[in-house]
Amino acid sequence: MGDMTNSDFYSKNQRNEANHAGEFGCTLEDLRSLMELRGTEAVVKIKETYGDTESLCRHLKTSPTEGLPGTDADLDKRKLIFGKNFIPPKKPKTFLQLVWEALQDVTLIILEIAAIISLGLSFYHPPGEGGEDCAASSAGGEDEGEAEAGWIEGAAILLSVICVVLVTAFNDWSKEKQFRGLQSRIEQEQKFTVIRGGQVIQIPVAEIVVGDIAQIKYGDLLPADGIFIQGNDLKIDESSLTGESDQVRKSVDKDPMLLSGTHVMEGSGRMLVTAVGVNSQTGIIFTLLGAGGEEEEKKDKKVDSSHPSFHPPSTTDGAAGANATDNANASLVNGKMQDGNMENSQNKAKQQDGAAAMEMQPLKSAEGGEGDDKDKRKANMHKKEKSVLQGKLTKLAVQIGKAGLVMSAITVIILVLYFCIDNFVVQDKQWLPECTPVYVQYFVKFFIIGVTVLVVAVPEGLPLAVTISLAYSVKKMMKDNNLVRHLDACETMGNATAICSDKTGTLTTNRMTVVQAYVADVHYKEIPGPDSIPAKTLELLVNAIALNSAYTTKILPPEKEGGLPRQVGNKTECGLLGFVLDLKQDYQPIRTQIPEEKLYKVYTFNSVRKSMSTVIKLPDGSFRMYSKGASEIVLKKCSKILNGAGELRIFRPRDRDEMVKKVIEPMACDGLRTICIAYRDFSNNPEPEWDNENDILTDLTCICVVGIEDPVRPEVPEAIRKCQRAGITVRMVTGDNINTARAIAIKCGIIHPGEDFLCIEGKEFNRRIRNEKGEIEQERIDKIWPKLRVLARSSPTDKHTLVKGIIDSTQVEQRQVVAVTGDGTNDGPALKKADVGFAMGIAGTDVAKEASDIILTDDNFSSIVKAVMWGRNVYDSISKFLQFQLTVNVVAVIVAFTGACITQDSPLKAVQMLWVNLIMDTFASLALATEPPTESLLLRKPYGRNKALISRTMMKNILGHAVYQLILIFTLLFVGEKIFKIDSGRNAPLHSPPSEHYTIIFNTFVMMQLFNEINARKIHGERNVFDGIFRNPIFCTIVLGTFGVQIVIVQFGGKPFSCSPLQLDQWMWCVFIGLGELVWGQVIATIPTSRLKFLKEAGGLTEKPEVPEEELNEDVEEIDHAERELRRGQILWFRGLNRIQTQIEVVNTFKSGTSFQGALRRQSSVTSQNQDVTNISSPSHVSLSNALSSPTSTPAAAAGHPRREGIP
């Protein structure tokens, strides 16, 4: 591995190293090669090269306790020599690339071709003068000047196509830009704790340099590679790098290597940073991906030949392991790089299931092309199913598209038939060779009309509207403290029916204070004075709290005069330290006397133990252990208690029961968390078996029990009331005592006394949902969840089980859409399983943020309600847009169709149609998609999955307005010339000048659309359509702007737009007819929808969307589903080709017989994985050595798991 990368990446760093090698005792190279070792090898290497970690710190000019001095000069020098902690992102698509992508739209291509043919024909003049006899109708009003202007129509179509393309590209480009802004914002928010100049400070991850001493703790995502120098009980989840799901225990003497991108699952400690940015393990992988695919393949072969020892079959931890890992990774990260728009760059955990399928082609997709596409799909396979809205829209768009296609085909056929019959049958003409170009020109004109009908029928504005609406919402949600990481989460939130919320920090303020205490046989309802507690007890109590808590937890003086003291670190521990200060004692001197390095052994808090213990060595050589934890758990382990005189007395089970009744339950019923503090002395001879936890954590002596209050946030009860009114059930899932949980739930308004609801503990929950064999049964969960409101003393697994149970439940007709909040590392599975996962921005660990869809930057439950409001608003905006768009579609298609059939020419010309298409698609989507949300959105129940996108009220509006518009347009078309006393525009010859008659029709049509756009602002049949219109400046600007442009087009558009200027009175009539729309809207609103039984809804989702399995896998991509469906033809074609290629490759592989075992082995390993709770990861070493040794192994592996690859 080293060989292959050095030559490439270090040429630029070599110069720097040469200059500075003298300044530090080790070079970038040394550190890189050190970080590629694992486990004992690394320990040996450190011993051989540097002696120990302390001397390595000296080499890097840093101190294990004081850290770097932190001077700017020193930091800059380190950045220069060892690089910055920054991995450069993939380049965004350029504007031209986006333009090129927009040009791929099938309808646009057809239009372009038609326009070019029309252009070509207009310049072609048939030889001879036989032209007049060719077609009677062509002789009409055509003179020289008109024939010259024949090219204008073609050019105008091309021009309008260019307009549409530029608008689309610009939208994509700004979307991409917003994503990048959001991305960098997420990255800037990630901070990490380091020690500089003896001070513990938090710095942005990008500022970390080699030589920094970083403090790591439970829940961190490591930002750089480093060496573990001190700490306790550290366990790391390295699955994102190695694919091994087991947690790796780290220790200074056995395995001190910490790698970037891995998660701390337990414990805490300090690490010396040795590699950052592109030189860290994650960085190396990213850089490999950036390199060209072909070079990589060459290099890989080189590596293979030059290191025959690289594939020993069994080694997994040595160099082969590292090499295999890196290659596996190269492919793993790859799926992410292509799809990196939104997902944070460390989204590895999410890609795990995709990785299993992808590792098999480590080098393929660097070349781009179809590889990218496949990877993109695979990387997304695990993504939650299509969001409700996208599913409905896709279905609707396809239905509309099909209808449009049929209409346009019929239009063309009728036009052609009519022309042929009229000319060759009725007038009995001959087809003369010299007339062919004239006929072709007619046919091209018919074809263009047909395509235009199609263009107007297909709502390509739909994906645009969704994108604009979501992007706009995401931007605004930032202000409401919602940082959206996945766009569709925003809209899914509008359909949420259940929220499972944590208690601490979300519903409560997360400012813990001790308000009651039971100490020295007395239950104090408020904090006792220090004199009322025996001195010995007091000393034990203060020591137990000061030493047995993370040293990173402190209480700092308030920032503002008269404010509350600042709590830093774990909030429960802060509450206890606050208790020490309230007892007029100080914890700092005790910590100074026994610094963290001198703690003998620490059992860190985790969700299984529910307690934390610290062992110290006393001056006489014996040991003392302090413990603290949930009162009922720690009290079970106590056999003695300190009495009123500070002496020990026996603590029997019946004493414990009495204490639970008299002390703990009353405290819990006041909504307090109860924590028990205890200790135990050990002799040093013989020294206890510290690893035998069960023997160590028993026979404790209880010092005191404290009740900690965490007050409910003042705005929460109101927020929960809004949720309940909006049809969303709020459930509280907490690790707390059931009485505490119930008390808080009542304060919040989650439960109301006298209602029929369930509050149960995790144990009882598990007992009720499991059968005799201990398996979870869905029917049993279905009996519980509808009434369940509080789940107390629950483990993260219970939370996941509950969420999964509610989502999979079929006993309600609507599938439940569940949102979950989480902050801990172990909430990851539940956050991923939920439809929308909310992570806490302040208290949340990095792991939780990675698994989430939305980050609550203020940790506040009421922000979730804002997210619901925005989500519903997105849904409504799309509905408004649809209501408007479909009215235009119906009218335009019918007018073009009947017009063409009756008068051989569409009253609305191609260019005019494109302009209408532009206003109704692009501008209307902007105008209607940016409506701000109102509180009234929270007064209705969630729509749910099977509710149609177009309700009956909307259908009534669409058809009602269509009727009005059609009547007026046909009146104008057939008797318009009599009303306005102008020449008729019907049956005009091929290149005749634009008539006033058709201009009036076009103008009236646009005016009606403009006023109908105002009607479309309301979709639930409200009367006042102007309500709140001035709160949306974009809407007003667009309506006025469109009106202005329309005036310009009509008065000065001339031949390209087929318009002739109108008089003022004609304009007045057009506007008047348009205004009629608003009056007509009121008429429609008067008709009760319930009477119109015949109206159908459209665009609903059936329970399971009818999309074949494999398509779900391949087509699940972030946005633009409607477009994707319209391009299905292309996709199916490519997919077919891909398949054939894959099959050929597979056959070849089998012929050559290589690595078939590898493929089979992989298949069995993949299928046997437990897909549900654990992080899905694939044993990347199993068949990689095989896969690498043969270039043809890719297809075989593909064959190993057909569904992942999409082979039939």
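Residues numbered from 1 in each chain as written. Predicted model: local features only at pLDDT ≥ 70, side-chain atom pairs only at ≥ 80, totals over all residues. Heavy atoms only, no water.

The subject of this paragraph is the confidence of the model for the protein chain. One rule of thumb: low pLDDT means the predicted coordinates there are not for detailed reading. When pLDDT is averaged along the protein chain, the result is 76; 76% of the residues meet or exceed 70. Note on residues 291-384: pLDDT under 50 across the span, and 194 contacts to partners over four residues away in sequence or across chains. Confidence drops under pLDDT 50 across residues 1153-1208; counting only partners more than four residues distant or on other chains, this segment forms 111 contacts. (pLDDT = per-residue confidence, 0-100. Contact = heavy atoms within 4.5 Å.)

Moving on to the nonpolar core. Formed by 136 residues in total, the largest nonpolar core has its most connected members in Met493, Ile750, Phe838, Phe861, Ile950 and Phe1002. When residues of this core are assigned to their parent elements, the largest contribution, 20 residues, is made by helix H36 (residues 861-903). If we ignore the near neighbours within four places in the chain, the residues touching Phe1002 are Leu908, Gln912, Trp915, Val916, Gln1046, Ile1049, Val1050 and Cys1059. Residues Phe24, Val205, Ile227 and Leu241 belong to the second largest nonpolar core, which totals 43 residues. (Core = buried A, V, L, I, M, F, W, Y, C linked by side-chain atoms within 4.5 Å. Buried < 20%, exposed > 50% of the residue type's maximum accessible area, 1.4 Å probe, protein only. Helix = DSSP H or I, 4+ residues; strand = E, 2+ residues; numbered from the N terminus.)

What follows deals with the sheet that holds strand S21 (residues 729-733). One open sheet accounts for eight strands, arranged S8-S26-S25-S24-S9-S21-S23-S22; its pairing is mixed. Lying at the two open borders of the sheet, with one neighbouring strand each, are strand S8 (482-484) and strand S22 (758-761). Direction aside, neighbouring strands of the sheet carry axes that sit 20° apart on average. Across two bridges, S21 lies against strand S23 (residues 788-792) in parallel orientation. Paired with Met732 across the two strands is Val790, which belongs to S23. (Pairing = 2+ DSSP bridges. Axes fitted to C-alpha atoms, helices over the stretch in contact; angles between N-to-C directions.)

Let us now look at unusual backbone geometry. Of the consecutive residues Asn685 and Pro686, the connecting peptide bond is found in the cis state with omega at -5°. Locating Pro686 in the fold gives a position in the loop between strand S19 (672-682) and helix H28 (693-696). Positive phi is not limited to glycine here, since Ala520 has a value of about 50°. Position of Ala520 among the secondary structure elements: in the loop between strand S10 (513-519) and strand S11 (522-524). A residue is classified by how much of its surface remains accessible, and Ala520, at 7% relative accessible area, is buried. If you check the backbone angles, Asp859 has positive phi at about 55° while not being a glycine.

For helix H33 (residues 796-808), which comprises 13 residues, the first-to-last C-alpha distance of 18 Å matches the rise-based estimate of 18 Å (1.5 Å per residue) to within 8%. The element H33 is extensively covered by neighbouring structure, given that 10 of its 13 residues are classed as buried. What H33 keeps buried is the set Pro796, Asp798, Lys799, His800, Thr801, Leu802, Val803, Gly805, Ile806 and Ile807. (Expected span 1.5 Å × (residues − 1).)

Another point: the pattern of salt bridges. Taken as a whole, this structure holds 31 salt bridges when the rule is applied. A salt bridge links Glu632 to Arg793; its shortest N-O distance comes to 3.0 Å. Here Glu632, found in helix H26 (residues 631-636), pairs with Arg793, found in the loop between S23 and H33; they are 161 residues apart in sequence, far enough to count as distant. Taking relative accessible area as the criterion, Arg793 reaches 15% and is therefore assigned buried. Residues joined in a network through salt bridges with shared partners are Glu238, Lys250 and Asp255. (Salt bridge = Lys/Arg side-chain N within 4 Å of Asp/Glu carboxyl O.)

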